[in-house]
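# Residue-level structure breakdown
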Amino acid sequence: MTESQRVIIVGAGHNGLVCAAYLARAGRQVLVLEAADQVGGAAVTREFAPGFRVSACAHLLYLLDAGISRDLDLAGHGLKLARGSLRTVALAAEGEHLVLDGGRVAAGPLGAADGAALAEFHHRMQRFARVLAKQHNRRPPRIAGGGRSELMAAALLGFDIRRLGRDDMREFLRIAGTNIFDILEESFASPQLKGALALDAVLGTNLGPRSNNSMLTLLHRLSGNTAPGLPVGGMGAVTAALAAAAQRAGVTVRTSSPVARITLAGDRVSGVELESGETLAAGTVVSNADPVRTLLTLVGARHLEAGFAQRVHHLRAKGTAAKLHLALDRLPEFSRLAAEQVGERLVIAPDPVYVEHAFDHSKYGQSSTAPVLEITIPTVHDASLAPAGKHVLSAVVQYAPYIAGTGADADARRSQFLERVLAVLETYSPTLRQHLIAAELLMPADLEREFRLTGGHWHHGELALDQFLMLRPVPGAAQYAMPIGGLYLCGAGCHPGGGVMGSAGGNAARAVLAAERSR
Amino acid sequence: MTPDMTHKEHFRTAVYQTPFHPRTAALNVLNVWHRWKDYTVADAYFDTPLEYAAIRNACAVFDLSPMTKHRITGPDALAFLNRLVTRDVAKIRPGRVGYCVWCDDNGQVIDDGTLFHLRDGDYRLCSQERQLDWLSRSALGFDVSIVEDTHAVAALAFQGPTTCAVLKKMGLAGVETLTPFGIGYFPFAGGELLVSRTGFTGDLGYELWIEPSRALALWDALFAAGADYGIRPMGTHALEVSRIEAGFVQAGMDFLPADSAVRVDRTRSPFELDLGRLVDFNKPNFTGRRALLEEQKKGSRFRLVKLDIAGNKLAKAAYIYDRNDAHKTVVGTVTSAVWSPAAKANIALATLTMPAGLPGAELWAEIYYQRELKWDKVMARCRVVEGAFFDPPRRRATPPGDF
């Protein structure tokens, strides 16, 4: 096999590894280059305090594609859930906590009307989310041109929506682009319930509950159709299993090999150049890096059409989610929460207006004074992550606006926000600080640096209608193949987007193979 | 980019006068004006045919100041320009001018213009349309400065066989050594006069570029030196006759700038404007390259042709047919038409749908014309002309004759 037939994959995130595994199984010679010293990208487990390990970016698994998991035999390669189907506990500062188990109220103060409405809402959202789920492993259709097959693909999407039936279709089209706040207001009375659902919708996005598209992000979150779970060994175990599957298929993985640029020969890629100066030839380069980093940094705007480069430049990818890691000398106590429920998914979003107010600050470049949190304590289910008897608290915290840069200002912003987050946590767990051994807070700029996410955005670009399906990441690049011959994207910046799903990687592999067949 | 607030009162002036206005207004005995990119300029001064006659037989002065001008500098100026336009800018050496087109991502022409390599790495791009927006957007990833300095540069087109003699008489020593598309700098009235051997008439001629404060002095010196050489002011109408004779395309007439088109089949590629010679696939990437390579493979949709039309009826906006009987089909339309005094022919530029328009092909123009308010129609045989309709040797001769 010559070097021009080699496929280089830039980045060993979950999508890069899925893509690599599928290409190797189809007989391609695949080399995966990872900048960090271990595989995983944003699905990674690492130490943050001596003896304490945590899923350093994504911390819950609920979107991983079942077909990919089966195809690559991830269970056979060591992936095991410490706990599947976590319940959601909507913490109350005063009074009873509300415990949700999918569309069912497991415990807590919810009126009969809200209970019935929740069941109906849940089922309807599941039906809508299935429409999205059906698109996950399909290549989005081209908007213009491309002939019959593109028209068929577009028709299929329309057909999936039509098949919801008249009432559901009308409702789907009514709410798909709208905001979660209005939908919650018309559906429920309980602020606690509305707050928890609002948080689900805006988690990891640069949206407040009143922002358009926050309904779509909720549906996207639900489209995995599984309740959140915790892998044994953290999220790094998912990518470790993927790497094992890929290596079994013949993939070579090199860590600590950051790519400086993607090299071109005329109108095609010719390989990559590492930061070390080493050059590696390849006829196909698939990038798991985000679209902005791939196209504007690794390739460079000058090698693209000016209009296309502008569209990439204007990709909305500003993260507002920070990541909190606490090392604790014992299991924390939460007021009025039974010890056996501390290991569930705890959310601090007491009502949707609270969430919106938290978002308001970030609109003007400030961190929330009263942030919202999604908390897990994985050590309840997986003792391997901390020394015996000790615990790890991992939380997604919003909102901290993306502000580029390091140094004293960044440090001040980080410590100020950490103080606020701990203060909020203390209202629910007054003794928390007494048990604190170490704390780490990753602001969006820190996430950008550590995980090489442009703008610190978890999804490689905002999930919104203007960056969805055939518009993701930008028109002209939504079918995984980039305008430069032999260059592909395979990350969360592509359809179907973020969440540890793997579908983008699988779809990209199919696009590479389809292009080879038609060449 | 910090907004320039020094001109924040700009909206109080609806239409600008050019730096030459005191002179052009005095000479505009017909008092006919039109608006060109927010400046008022003369359609004609005294008589279009006589103004045209000055271009071809003596010398004529055209106020070019409203031409959109951009100054492009910085370490990446060359790389930026090479990514912008379709031809190889590296071949335009300092002191030279190149005619260029630039395209959108789909290889459709946004505009054409002249690129002046003023001094090493210092460029001026002149365009028909305002291009600051597209230039700025194209600058992503380049270390380059782009300034639109239309207001800061006064310019005259000075065209015709006696122009070189006049410039020499004005004291521009060595101006006769300028070759076509060459640039020269001459001291003038305590400043610097930039002379380029360029123009839009297809004749011997120059364009003169100067600071606005010295514009009137330039005009006066030119007319004083040209008094014995038949110097005349010329308006847009006379220039239009000569540019069609030269076979030059005009944005907004012969093609629609791609960024203002709504319908996909309204735009044109360089190949479709008979400007394929300006596309260089052997240079680094440029915007539209991939689409143009694709077009080369698949074939173009349109062809721009020069037509010599039988008779003397002006073929303005005429339909072009492939034959003249009951089975005739429309194969295109005329975009520019004029009676050419120099070629003594009824000429036109037309866009035809491929594959129509090969040299020697049978073509007919359906011309509607009016006589004493009565409309009539004639079918006129057309001949495809290769090369310019009028292309005098003096256009290229260096040094030019004194005539």
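Residues numbered from 1 in each chain as written. Chains lettered and ligands numbered in written order. Predicted model: local features only at pLDDT ≥ 70, side-chain atom pairs only at ≥ 80, totals over all residues.

Moving on to the overall build of chain A. Within chain A, the regular secondary structure consists of 15 helices and 20 strands. The C-alpha atoms of chain A give 22 Å as radius of gyration, which agrees with the globular expectation for 519 residues (24 Å, within 12%). Once the C-alpha set of chain A is aligned to its principal axes, its extents read approximately 65 × 55 × 45 Å. Taking all 519 residues of chain A together, the buried fraction comes to 54%. (Helix = DSSP H or I, 4+ residues; strand = E, 2+ residues; numbered from the N terminus. Rg over C-alpha atoms; globule rule 2.2 N^0.38 Å. Buried ≥ 20, exposed ≤ 12 C-beta atoms within 10 Å, placed from the backbone.)

Attention shifts here to the sheet that holds strand β2 (residues 30-33) of chain A. Residue and element names in this part refer to chain A. Spatially, the 5 strands line up as an open sheet ordered β10-β2-β1-β14-β20, and their pairing is parallel. Among the strands making up the open sheet, the edge pair consists of β10 (252-254) and β20 (487-489). Within the sheet, the average angular offset between the axes of one strand and its neighbour, ignoring direction, is 20°. Examined bridge by bridge, strand β1 (residues 7-10) and strand β14 (residues 284-287) share 4 bridges and lie parallel to one another. Note that in β14 the partner of V7 across the bridge is T284. In the packing of helix α15 (residues 503-518) onto the sheet, contacts are made with β1, β14 and β20, and the angle to β20 comes to roughly 160°. (Pairing = 2+ DSSP bridges. Axes fitted to C-alpha atoms, helices over the stretch in contact; angles between N-to-C directions. Contact = placed C-beta atoms within 7 Å.)

Quick look at the environment of L222 of chain A now. Residues and elements named next belong to chain A. Position of L222 among the secondary structure elements: in helix α8 (residues 214-222). A residue is classified by how many C-beta atoms lie within 10 Å of it, and L222, with 22 of them, is buried. When neighbours within four sequence positions are excluded, L222 is seen to be in contact with M125, Q126 and A129.

A separate point is the nonpolar core. With 167 residues, the main nonpolar core has A20, A21, L242 and A508 of chain A as its most contacted residues. Two domains each donate at least three residues to this core, and these are domain 1 (3-41 + 67-74 + 233-314 + 460-518) and domain 2 (118-222) of chain A. Once you skip the residues sitting within four places of it in the chain, L242 of chain A turns out to touch H14, L17, V18, A21, L72 and L74 of chain A. In this structure, A44, V97, L275 and V334 of chain B belong to the second largest nonpolar core, which totals 113 residues. (Core = buried A, V, L, I, M, F, W, Y, C linked by C-beta atoms within 7 Å. Domains from an automatic or database assignment.)

Residues and elements named next belong to chain A. Helix α12 (residues 352-363) packs onto helix α7 (residues 191-202) with a crossing angle of 40° between their chain directions and a minimal axis gap of 7 Å. With respect to α12, the element α7 is oriented oblique. Across from K194, G195, A198, L199 and V202 in α7, the residues of α12 making contact are P352, Y354 and V355. Split into classes, the residues belonging to the contact of α7 with α12 amount to 6 nonpolar, 1 polar and 1 charged. (Parallel < 35°, antiparallel > 145°, perpendicular 65-115°, else oblique. Nonpolar A, V, L, I, M, F, W, Y, C, P; charged D, E, K, R; others polar.)

Bringing unusual backbone geometry into the picture now. Cis geometry is found at the peptide bond from H495 of chain A to P496 of chain A, where omega equals 0°. Cis rather than trans, the peptide bond between M354 of chain B and P355 of chain B has omega equal to 5°. If you trace the backbone, P355 of chain B turns up in the loop between β18 (345-353) and β19 (363-371). Of note in the backbone geometry, N31 of chain B takes a positive phi value of approximately 55° without being a glycine. If you trace the backbone, N31 of chain B turns up in the loop between α1 (21-27) and β2 (32-36). For N31 of chain B, a count of 10 C-beta atoms within 10 Å puts it in the exposed group. Phi angles above zero are rare outside glycine, and K344 of chain B is one such case at about 50°. As for its placement among the helices and strands, K344 of chain B is situated in the loop between β17 (330-340) and β18. Residue class for K344 of chain B comes out exposed when judged on the 10 C-beta atoms lying within 10 Å of it.

Looking now at the domain arrangement of chain A. Residues and elements named next belong to chain A. One can read the domain layout of chain A as domain 1 (3-41 + 67-74 + 233-314 + 460-518) and domain 2 (118-222). The centre of domain 1, based on its C-alpha atoms, is set 27 Å off from the matching centre of domain 2. Listed as interface residues are 21 residues of domain 1 and, on the opposing side, 16 residues of domain 2.

Turning our attention to the interface of chain A and chain B. The partner chain B presents 13 residues to the 14 residues of chain A that form the contact. Mapped by element, the contributors of at least two residues to the side of chain A that touches chain B are α10 (291-300) and α11 (306-313) of chain A. Looking at the side of chain A that touches chain B, the element that brings in the most residues is α11 of chain A, giving 6 residues. Of the residues that constitute the side of chain A that touches chain B, the class distribution is 6 nonpolar, 5 polar and 3 charged.

Moving on: the pairing of strand β3 (residues 39-44) of chain B. Residues and elements named next belong to chain B. As judged from the 2 bridges shared by strand β1 (residues 16-17) and β3, these two strands associate in the parallel manner. By the bridge assignment, Q17 is partnered in β3 with T40. Sheet topology note: the β2/β3 ladder contains 5 bridges and is antiparallel. For W36, the partnering residue across the bridge sits in β3 and is Y39.

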